[in-house]
Amino acid sequence: MGSLKIENVKKAFGPVEVLKGINLEVTDGEFVVFVGPSGCGKSTLLRVIAGLEDSTSGRVVIDGEDVSVTPPAKRGIAMVFQTYALYPHLTVKNNMGLGLKQASTPAAEIDRRIGIASSMLSLEPYLERRPAELSGGQRQRVAIGRAVVREPKLFLFDEPLSNLDAALRVNTRLEIAQLHRRLKATMIYVTHDQVEAMTLADKIVVLNAGRIEQIGGPMELYNSPANEFVAGFIGSPKMNFIDGARLGETAKTIGVRPEHLTVDLNSGAWKGTVVHAEHLGADTNLYLDCEKAGLITVRIFGVYNAEPGATLYATPDPAKTYRFGADGKVLK
Amino acid sequence: MSIATRSLPRTIGAHAILLTYTAIALFPVILVIMNSFKSRAGIFGAPLTPPTPKTFDLIGYTTVIGQGDFIHYFQNSLVVTVASLFFVLLFGAMAAFALSEYRFRGNTLMGLYLALGIMIPIRLGTVAILQLMVASGLVNTLTALILVYTAQGLPLAVFILSEFMKQVSDDLKNAGRIDGLSEYTIFFRLVLPLVRPSMATVAVFTMIPIWNDLWFPLILAPSEETKTVTLGAQLFLGQFVTNWNAILAALSLAIMPVLILYVIFSRQLIRGITSGAVK
Ligand SMILES: Nc1ncnc2c1ncn2[C@@H]1O[C@H](COP(=O)(O)OP(=O)(O)OP(=O)(O)O)[C@@H](O)[C@H]1O
Ligand SMILES: [Mg+2]
């Protein structure tokens with residue numbers, strides 16, 4: 001019901017190529033998250049899918065139908081924006097109903113759908129209010145409600161939670177996850193928040209500088225990144241990269257995640273001094289300056305007392321060490 | 001505002017400067033209004049004193065009202081100003097929206113071209129405009145004035161409004177597009193209300209020169225039928241004898257409508273936008 005296929009989509013703003021040939025397939029009901037550094041073209045790709053931006057070349061196919069020249073309102077999509085983008089002059093109810101009204105849906109049907117959406121998102125008490133009279137979290141729920149009532153084939157979210165505070169972000173994230181489970185709709189979600197990507201996605205698409213670096217499930221990307229970029233982007237704290245030559249390895253770069261290193265007071269592979277320790281309660285991040293490996297991060301589960309200046313030995317787990325070639329790709 | 005500016009000497013200094021400025025700005029206006037209530041002898045005898053029971057005289061106002069046509073001149077001025085204002089705001093906002101919203105070839109050049117009029121006074125083209133009006137049979141009509149004033153007001157309007165329209169959230173417009181609103185609806189219902197304060201600014205800047213203009217009414221529409229207030233007031237300004245009472249009364253009356261329009265627009269300026277659409 002809501003499949004999406006993107007074939008070789010390119011987008012240039014004048015001489016600047018922002019999307020450099022994107023190929024992607026999303027099957028019905030999937031939750032796909034686009035992640036990537038700022039300016040890599042995530043929003044642009046989403047806008048091309050929505051039809052708010054014309055692609056320079058390539059095709060967008062929704063539900064088996066080429067929509068490359070279809071206006072946004074006719075594509076069967078709904079979009080939730082980072083800035084909420086509610087109509088300031090309309091009440092919550094009319095904000096949600098406007099799209100349906102434009103499509104000449106019967107009033108009874110509009111009311112029915114608004115009723116369902118507002119109970120789903122607990123918006124009933126606010127239906128007669130204007131956006132100015134709502135809190136940030138309520139506004140974003142209205143924006144989500146506005147998308148839900150359209151019953152689209154495809155939901156598009158562009159960083160919907162980044163204007164909310166931390167606690168609200170967790171709540172709304174849960175709500176979106178539940179929404180996806182309940183509606184079984186196809187959703188595409190842009191974020192640069194690791195946690196959102198890992199927790200929500202069926203499939204993560206890692207973008208970098210207008211290209212797709214890797215597509216895969218959250219655990220797939222975590223366990224077997226295709227290249228140095230994905231390895232560094234997925235996982236927090238970031239993976240340690242060590243020059244292969246310094247360790248006497250043939251690979252250009254060696255990568256170890258902070259959680260795959262163990263420390264010992266007396267012996268180990270890399271001797272180093274503690275530069276800084278971050279105590280987070282559930283785990284401790286140690287920054288070690290090692291003679292052989294340079295500055296590395298070690299993540300220890302639980303509390304670990306280490307004073308800056310102390311000497312420690314770090315040892316990588318050989319089964320979870322990644323080797324990257326000169327082109328950045330993983331060496332098998 | 002910040003704590004630092006709240007110290008006493010600074011407050012006194014700031015108020016002194018502002019009060020001085022207000023006094024200077026209001027002085028001529030008050031002088032005109034004051035003297036419009038005085039007899040001729042009162043005006044010349046002691047122009048700076050307010051009307052006393054001895055010098056108080058409404059002769060100026062009775063002359064102006066008695067002149068009959070003055071009401072008509074007022075009407076003309078009002079029609080010309082309001083109509084020009086309407087067209088300047090409508091077309092100015094539309095052009096500004098197109099320039100700020102759509103990427104098309106020659107966008108920047110078009111913007112520069114439309115803004116050029118800010119630097120070139122329209123009066124340089126008076127002769128050509130007159131010829132044009134004669135050729136199209138529009139001499140001595142209010143339409144001629146409205147057309148000229150619309151042209152005169154547009155450059156600044158486009159320039160100012162396009163800056164403000166660029167600041168209207170793209171997301172809001174895009175949300176409208178996804179909901180199937182036409183570009184016209186997006187412009188009139190979503191964008192215009194959000195730039196209302198800047199529209200009011202433009203309205204004030206556009207309105208005052210039009211209301212006060214003497215040049216174009218004199219050249220394009222000097223007939224009795226189409227005279228504006230400013231032109232009508234010249235009636236009392238003779239080569240040998242000037243009826244100061246009447247002129248001052250006419251000027252005092254002429255201030256009123258602009259003042260009313262100004263109050264309307266400045267309330268818009270102050271009210272600001274209803275926030276909440278966008279964080
Ligand atoms: N209208 C435009 N004109 C010119 N360049 C643009 C335009 N819109 C976006 N870009 C450029 O395209 C690139 C990608 O922008 P995009 O908004 O897609 O990034 P993003 O991945 O969403 O970043 P972020 O995470 O910061 O939102 C940026 O380098 C930006 O400068
Ligand atoms: Mg973005």
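Residues numbered from 1 in each chain as written. Chains lettered and ligands numbered in written order. Predicted model: local features only at pLDDT ≥ 70, side-chain atom pairs only at ≥ 80, totals over all residues. Heavy atoms only, no water.

- The name recorded for chain B in an unreviewed UniProt entry is Binding-protein-dependent transport systems inner membrane component, from Mesorhizobium amorphae CCNWGS0123.
- You can read under Subcellular location (unreviewed entry) in the UniProt record for chain B the words "Cell membrane".
- Among the UniProt annotations of chain B, the heading Sequence similarities (unreviewed entry) holds the following wording: "Belongs to the binding-protein-dependent transport system permease family." (UniProt positions renumbered as here; feature names shortened; annotations may be inferred.)

- An unreviewed UniProt entry lists chain A under the name Sugar ABC transporter, ATP-binding component, with Mesorhizobium amorphae CCNWGS0123 given as the organism.
- What the UniProt record of chain A gives under Subcellular location (unreviewed entry) is the line "Cell inner membrane".

### A short note on the domain arrangement of chain B
All names here are of chain B.
- Along its sequence, chain B is organised into domain 1 (3–57) and domain 2 (71–277).
- For domain 1 versus domain 2, the separation of C-alpha centres amounts to 31 Å.
- Contact residues are listed per partner, giving 10 residues for domain 1 and 9 residues for domain 2.
- When domain 1 packs against domain 2, close to 710 Å² is buried across both sides, 67% of that on carbon and sulfur atoms.
- Seen at the junction of domain 1 and domain 2, the total is 0 salt bridges. (Domains from an automatic or database assignment. Contact = heavy atoms within 4.5 Å. Buried area = accessible area lost by both parts, 1.4 Å probe. Salt bridge = Lys/Arg side-chain N within 4 Å of Asp/Glu carboxyl O.)

### Examining the UniProt feature "transmembrane region" (unreviewed entry) in chain B
Residue and element names in this part refer to chain B.
- In this numbering, the UniProt entry assigns the feature "transmembrane region" (unreviewed entry) to residues 12–34, 78–99, 111–134, 146–165, 186–211 and 244–265.
- Helix makes up 58% of residues 111–134 and strand 0%. Its end C-alpha atoms lie 31 Å apart.
- Taken end to end, residues 244–265 is 100% helix and 0% strand, and its two terminal C-alpha atoms sit 32 Å from one another. (Helix = DSSP H or I, 4+ residues; strand = E, 2+ residues; numbered from the N terminus.)

### Here's the deal with the interface of chain A and chain B
- Taken residue by residue, the interface counts 29 residues in chain A and 21 residues in chain B.
- Across the chain A to chain B interface the summed buried area is about 2,000 Å²; carbon plus sulfur atoms make up 60%.
- The interface formed by chain A and chain B includes 2 salt bridges.
- The salt bridge involving A:Arg150 is made with B:Asp179; its shortest N-O contact spans 3.4 Å.
- In this structure, the connection of chain A to chain B is made through 8 residue pairs in polar contact (both at pLDDT 80 or more).
- When residues of the side of chain A that touches chain B are traced back to their parent elements, those giving at least two are α1 (42–50), β6 (77–80), α2 (92–102) and α4 (136–149) of chain A.
- The dominant element in the side of chain A that touches chain B, judged by the number of residues it contributes, is α2(A), at 4 residues.
- Looking at the side of chain A that touches chain B residue by residue, the class counts come to 17 nonpolar, 7 polar and 5 charged. (Polar contact = N/O pair within 3.5 Å; in protein donor to acceptor, adjacent residues only side chain to side chain. Nonpolar A, V, L, I, M, F, W, Y, C, P; charged D, E, K, R; others polar.)

### Considering the site of ligand 1
- The environment of ligand 1 is formed by A:Phe13, A:Val18, A:Ser38, A:Gly39, A:Cys40, A:Gly41, A:Lys42, A:Ser43, A:Thr44, A:Glu159, A:His192 and B:Arg103.
- Per-site note: the chains with residues close to ligand 1 are chains A and B.
- Within the side chain of A:His192, a nitrogen or oxygen atom sits 3.3 Å from an oxygen atom of ligand 1.
- Between B:Arg103 and ligand 1, the recorded distance is 3.2 Å, taken from a side-chain N or O atom to a nitrogen atom.
- Summarising the interface, the protein chains cover 62% of the accessible area of ligand 1, which totals 630 Å² for the free molecule.
- With 3 residues, α1(A) is the largest single contributor of residues to the shell around ligand 1.
- Split into classes, the residues belonging to the shell around ligand 1 amount to 3 nonpolar, 6 polar and 3 charged. (Near = heavy atom within 4 Å. Areas by Shrake-Rupley, 256 points an atom, 1.4 Å probe, with all protein chains shown as cover.)

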